[in-house]
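Listed below, chain by chain, are the residues.
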Amino acid sequence: MKNTMLVGGGVGNAVLFSIGRAFIERGNKVLYFAGYKKLNDVFKRTLIENTSSTVVWACEEGLIETSRVQDKSFHSNIVDAMISYQENTSDISLNSIDKIIVIGSDKMMKAVNEVRKTILKPYLKSDHTVISSVNSPMQCMMKEICARCIQRHVKAEEESFVYSCSNQDQNMEFIDFDFLNGRLRQNSLQEKLTAEWIKMCLYT
Ligand code: FES
C-alpha cells in the first residue's frame, strides 16, 4: 500500500478525480489538497470527497465548509494550507506519503515545489516521488516536431529538454518552472483574444 498526496489548484482538480479514484480502488490512502481562489470556484466537491481519504480545502477568499470529520479547511492559499495541515496533522501524516502529484498553474506548482524542498522537507519522506503535470502550450502533438511544448529540466546542473506532448507528467524535482512560465506567456495574446470572442458571443 502506498500513500499518495494529490495537490490540485483550481481547474487542475478536474484531472485529479480519476487519479484519486484509481489509488483508492487499489487500497491506497489519498490525502487531497484542493485549492481555490474564490469560494464559488469549487466544483464537483462530492467527487473530490469520494476519491480521497482526507480532503484539505484551501480558499484564498474564505473558508470552505467541510462535510466529513476527517477533512480540514483553511482560509489561505494551498501552500499555507499544507504548512497548517502539517502543524495540525490528523490521520495521514506527511511523513507517510510515498508519492505526490501536483496539477495547477505554473506559479502554484513552483510554490509547492519550493515549500516541499524547504519548510516541509523535515516532515516528508526523503525518498518520496513527485510528479507535476506540465501545462505547456502544445500545437502539433507529434512529439518532436513543432517544439511548442518543450520543457527545460535541470538535474545536477545539467540541462535537458522534454517534449511535453510525449509526456505531460514530469518529475517535479527537475522542472524549470521559470522556463515554463515564459512558454505560457507566449500564448497570452491568443488567450486574451479568445476570451474576448467568447464574451462577445455570449453577451452581445
Ligand atoms: S506539440 Fe509539437 S512537438 Fe509537442
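Scroll up for the structure.
All values derive from a computational prediction rather than experimental measurement.

Got a minute to help me understand the environment of Asn40 in this structure?
Residue placement: Asn40 occurs in the loop between β2 (29-36) and α2 (45-50). Its relative accessible area of 66% is what places Asn40 among the exposed residues. The spacing of Asn40 and Ala111 is 71 residues in sequence and 23 Å in space, taken between C-alpha atoms.

Honestly, the layout of surface pockets in this entry has me stumped. Any pointers?
Over the atoms, a rolled probe matching the size of one water molecule traces out where space is still vacant. In this structure, the largest pocket spans a volume of roughly 330 Å³. Lining the largest pocket are 13 residues; nearest its centre among them are Gly9, Lys37, Glu60, Ser105 and Met108. Among the elements of the structure, β2, α3 (78-87) and α4 (106-117) are those that each provide at least two residues to the lining of the largest pocket. The greatest single-element share of the lining of the largest pocket, amounting to three residues, is contributed by α4. Classifying every residue of the lining of the largest pocket by side-chain character gives five nonpolar, five polar and three charged. If you add up the space inside the second largest pocket, you get close to 170 Å³. In terms of lining residues, the second largest pocket is bounded by Arg116, Lys117, Lys121, Leu124, Lys125, Ser126, His128, Val130 and Glu173. Looking at side-chain class alone, the lining of the second largest pocket contains two nonpolar, two polar and five charged residues.

Is there a simple way to think about unusual backbone geometry in this case?
Outside of glycine, negative phi angles account for most residues, and trans bonds account for most peptide bonds. A positive phi angle, near 95°, is found at Glu144, a position not held by glycine. Within the element layout of this structure, Glu144 appears in the loop between β6 (129-133) and β7 (150-155). What makes Glu144 exposed here is its relative accessible area of 57%.

It is not clear to me how the environment of Ile78 should be interpreted in this structure. Could you clarify?
Within the fold, Ile78 resides in helix α3. Overall, Ile78 belongs to the buried group, its relative accessible area being 8%. For Ile78 and Phe33, which are 45 residues apart along the polypeptide, the C-alpha to C-alpha distance reads 7.2 Å. For Ile78, the contacting residues outside a window of four places in its chain are Val7, Gly8, Phe33, Ala34, Gly35, Ala58 and Met108.

Where do I start with the pairing of β7 in this structure?
In regular strands, side chains alternate between the two faces of the sheet. Where β7 and strand β8 (residues 158-163) come together, six bridges link them in antiparallel fashion. By the bridge assignment for β8, His153 is matched with Ser160. Hairpin connection from β7 to β8: two residues lie between these consecutive antiparallel strands, with Ala156 at a positive phi of about 50°.

Calculation criteria
- Residues numbered from 1 in each chain as written.
- Predicted model: local features only at pLDDT ≥ 70, side-chain atom pairs only at ≥ 80, totals over all residues.
- Heavy atoms only, no water.
- Helix = DSSP H or I, 4+ residues; strand = E, 2+ residues; numbered from the N terminus.
- Buried < 20%, exposed > 50% of the residue type's maximum accessible area, 1.4 Å probe, protein only.
- 1 Å grid on protein atoms, 1.4 Å probe; cavity = no way out; pocket = protein on both sides within 12 Å on 5 of 7 lines; lining within 4 Å.
- Points joined across faces, edges and corners; volume = space filled by probe spheres on them.
- Nonpolar A, V, L, I, M, F, W, Y, C, P; charged D, E, K, R; others polar.
- Contact = heavy atoms within 4.5 Å.
- Pairing = 2+ DSSP bridges.

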